[in-house]
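Architecture at a glance
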Amino acid sequence: MRYVSTRGRAPALDFAGVTLAGLASDGGLYVPEAWPVLARDEIAALRGLPYAELAARIMRPFVGESLAPGRLRALTAQAYARFAHAAVTPLTQLDERHWLLELFHGPTLAFKDVALQLLGLLFEEFLARENSRLTVVGATSGDTGSAAIDALAGREGIEIFMLHPAGRVSDVQRVQMTTVRAPNVHNIAVEGASFDDAQAMVKRLFADSQVTARHRLGAVNSINWARLMAQVVYYFAAALQFGAPEKKVAFSVPTGNFGDVFAGYAAARMGLPIERLVVATNVNDILHRALSEGDYSVGEVTATAAPSMDIQISSNFERLLFDLGNRDGAALAAQMARFEKARAIRLTAAQLGGARALFASVRADAGDMASAMRWAWEQCGCEAIDPHTAIGLHAARSLTWPDGVPVVTLATAHPAKFRDAVERATGFRPTLPARVGDLFGREERYARLPGDYAAVRAYILETATPL
Ligand SMILES: *Cc1c(COP(=O)(O)O)cnc(C)c1O
């Protein structure tokens, strides 16, 4: 399998290449050259497989020659052994129609573990083969940072520098990052910065030739194709349990950077019968406006109780626009250049029509979110759900559905990760699972740096081991 850039000018790479590269050199994102399609009997034959085995089968065509089949199976087995539930991503029933797909049984209690636990192993594997090393730099509003740090701590040939906006992540999220003792982990709290400011510094590092001359930089956010590939698996896992390919399932996905729901789109392109993919947003609703009216225009970011969805520019939306725009890299590059300049574009008729055939979108405000949390708690046998999941559930419940179609909301974080917001809505304060240990009893370790690029850059150049 080869991967091409959405902007049409970067060289095509194999799976190992796109995993280590992250962003394409023309500023675009890598997508598979063609979607592998599974026939109905091939999908039916996947029923009943253990999660790690299913993962290896779904990933096989995407990985191609980059990993031998036995090696891929060994890596998925190792990654998913770290999950606290035998099913890895179990389903829970709420009522006759609505279900939750619990994606938070990994080490850091959010769905990002599903992909990052595997990505850490893939990095290590591909770097060892090239006898190379990788300096991972990332910015986080919380969940990506803790999941990436857990996945990369102690891995050979890798150092990770994770920037978070000082004082703007939850206490659980902060201690999950800063109490990890591995010497290859470096946390940076950037003072006076928002997530977008920290993200902009990371982008500058990737474009800084003095940095890239000394370090091979790697990316752990969802611009990295390997993350999306790993997320395709749980759409299959859930749908197979409801009787796919004979029966259709709908999914509602709490959405920020459009990575998780794009994995659902990939599953549909691979032949999984999906009734609809619901893009659930909070008041940061650029994707809802884009999918309902074709208006993709950046607004102000508003901080909410679901911080992982407080995003205006959803990087992975570019992958959808490319696929629905006849895969014309030159046209997409021109469209994205207009977007970067004007901060606003209209979707073409083909893009909007193609999106409407599969996607629906719903915007939830703070009241909608709190009432969805209360509904799950009061009506559904004391099911505590986190604010992100609540936005997905609100969206799922506010649409009308054909008879007999199960609607699965992706439960993207454990409620204890956002226990203050859950307690405000329901009166119930969820407790952290015993397996995360006594997070608050450990010593925290991080650098506090002023919010300017020069300080962050100097710190990384002084601390990181060069190539
Ligand atoms: C990252 C995250 C999301 C958003 O996922 P995207 O792939 O960025 O759309 C939703 N919920 C939680 C809890 C997250 O951590």
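Structure first, text after, so check above.
To start, this report covers the structure provided alongside it. Note that the structure is predicted; figures quoted are calculated from it, not measured.

1. Observations regarding the overall build of the chain
Counting secondary structure elements, the chain contains 19 helices and 15 strands. Relative to a compact globule of 467 residues, whose C-alpha radius of gyration would be 23 Å, the chain shows 21 Å and is just as compact. C-alpha atoms of the chain, sized along the principal axes, occupy 60 × 50 × 50 Å. Counting across all 467 residues of the chain, residues that qualify as buried make up 61%. Taking as baseline every contact in the chain between residues at least 6 positions apart, the subset at least 24 positions apart corresponds to 75%. Accessible area of the chain: about 17300 Å², with a carbon and sulfur share of 49%. The averaged location of the 48 negative side-chain charges in the chain is 3 Å from the averaged location of its 47 positive side-chain charges.

2. Digging into unusual backbone geometry
Cis geometry is adopted by the peptide bond preceding P245, which originates at A244 and carries an omega value of 5 degrees. By secondary structure assignment, the location of P245 is in the loop between helix 10 (225-241) and strand 9 (249-254). Of note, V88 is a non-glycine position whose phi angle comes to about 65 degrees, a positive value. Structurally, V88 can be placed in the loop between helix 4 (69-80) and strand 3 (91-93). Judged by its relative accessible area of 4%, V88 is buried. Despite not being glycine, R343 has its phi angle at roughly 60 degrees, a positive value. You can see R343 is positioned in the loop between helix 14 (329-342) and strand 12 (344-346). Residue R343 is classed as partly exposed on the basis of its relative accessible area of 42%.

3. Regarding the sheet that holds strand 15 (residues 447-449)
On the basis of which strands lie adjacent, the open sheet formed by 5 strands has the order 8-5-6-7-15 and parallel pairing. Looking at which strands have only one partner, the edges of the open sheet turn out to be strand 8 (217-218) and strand 15. Where helix 7 (residues 171-178) meets the sheet, its contacts fall on strand 6 (158-165) and strand 7 (185-190), and the angle it forms with strand 6 comes to roughly 155 degrees. Its contacts with the sheet put helix 8 (residues 195-206) on strand 5 (134-139), strand 6, strand 7 and strand 8, and the angle it makes with strand 5 is roughly 155 degrees.

Cut-offs and rules
- In this convention, every chain numbers its residues from 1, walking through the sequence in written order.
- Only residues with pLDDT of at least 70 get local features here, since the model is predicted, and only at 80 or more are side-chain atom pairs given and counted; chain-wide, interface and lining totals rely on the full set of residues.
- The side-chain numbers reported here are obtained from all heavy atoms of the structure, hydrogens and water having been left aside.
- Numbering of helices and strands runs from the N terminus, with a helix taken as a DSSP run of H or I at least four residues long and a strand as a DSSP run of E at least two residues long.
- Throughout, the radius of gyration refers to the C-alpha atoms, and the reference size of a globule is 2.2 Å times the residue count to the power 0.38.
- Residue exposure (1.4 Å probe, protein chains only): buried if accessible area is under 20% of the type maximum, exposed if over 50%, otherwise partly exposed.
- Throughout, a residue-residue contact means that at least one pair of heavy atoms, one from each residue, lies within 4.5 Å.
- Surface accessibility follows the Shrake-Rupley procedure with a 1.4 Å probe radius. Residue values consider only the protein chains on display as shielding.
- For the charge count, each Lys or Arg is scored as positive and each Asp or Glu as negative, with His and the chain ends excluded.
- Taken as the charge location is NZ of Lys, CZ of Arg, CG of Asp or CD of Glu.
- Criterion used throughout: strands pair if DSSP finds at least two bridges between them.
- In this analysis an axis means a line fitted to C-alpha atoms, helices contributing only their contacting stretch, and an angle means the value between N-to-C directions, from 0 to 180 degrees.

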